[in-house]
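Commentary on secondary and tertiary structure
Now for the letters of each chain:
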Amino acid sequence: MRARKALPVLALPLALPLVLAAATAAVAAETTVVVTGAKSAPAGWSTATCPAHSHLTGGGYSFAPAAPGDTVLVNAPVPSDPGTWSARAEHGVVTAYALCETED
C-alpha cells in the first residue's frame, strides 16, 4: 500500500486573513437603510423609495390578510423606478420595505 502525500495546508490559513480583511473593508464603507412605505388601503399598493445617493438592494413587505386565503400579488422592485420597492395584496393591507445601501 502506498502512502498518500499530504497536501500543503498552509496556503489557505495564510491567505484567509487577507481575504477577510478585504471583505471587512468593503462592507465597512457601506451603510444599509430600511425605508418603510405607507400602509396600503385594502387591495391597494404600498411603495418604499430609497433616499437620494443610495441604491436599492432588496425589499419586502408586511401583510395583514383580509380573510383566509388572501395573498400578496406583488412584491418586487418597480421597473420604471430602480430605487423603489412595491407590494400589493389581493384584498388585505400591505406595507412595503426597501433595503437601500449608501456608501460612506
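Bear in mind that the values here come from a model prediction, so they are computed numbers and not experimental data.

1. Quick notes on the sheet that holds strand β4 (residues 72-78)
Within the open sheet, the three strands sit side by side as β2-β5-β4. Their pairing is antiparallel. One side of each edge strand has no neighbouring strand; the edge strands of this open sheet are β2 (45-49) and β4. When strand polarity is set aside, the average angle formed by the axes of neighbouring strands in this sheet is 15 degrees. Sheet topology places β4 next to strand β5 (residues 81-89); six bridges connect them, and they run antiparallel. Bridge assignment links A76 to a residue of β5, and that residue is S86.

2. Let's talk about the confidence of the model for the chain
For the chain, mean pLDDT is 81; residues scoring 70 or higher make up 71% of the total. Per-residue pLDDT stays below 50 along residues 4-25; that stretch engages in zero contacts with residues further than four places along the chain or on separate chains.

3. Considering the sheet that holds strand β6 (residues 93-103)
Overall, antiparallel pairing links the three strands, which are arranged β1-β6-β3 in an open sheet. Each end of this open sheet is capped by a strand with a single partner; those strands are β1 (30-36) and β3 (55-64). Strand-to-strand twist of the sheet, defined as the mean angle between neighbouring strand axes without regard to direction, takes the value 20 degrees. In the sheet, β3 pairs with β6 via nine bridges, with the strands oriented antiparallel.

Conventions used here
- Residues numbered from 1 in each chain as written.
- Predicted model: local features only at pLDDT ≥ 70, side-chain atom pairs only at ≥ 80, totals over all residues.
- Heavy atoms only, no water.
- Pairing = 2+ DSSP bridges.
- Helix = DSSP H or I, 4+ residues; strand = E, 2+ residues; numbered from the N terminus.
- Axes fitted to C-alpha atoms, helices over the stretch in contact; angles between N-to-C directions.
- pLDDT = per-residue confidence, 0-100.
- Contact = heavy atoms within 4.5 Å.

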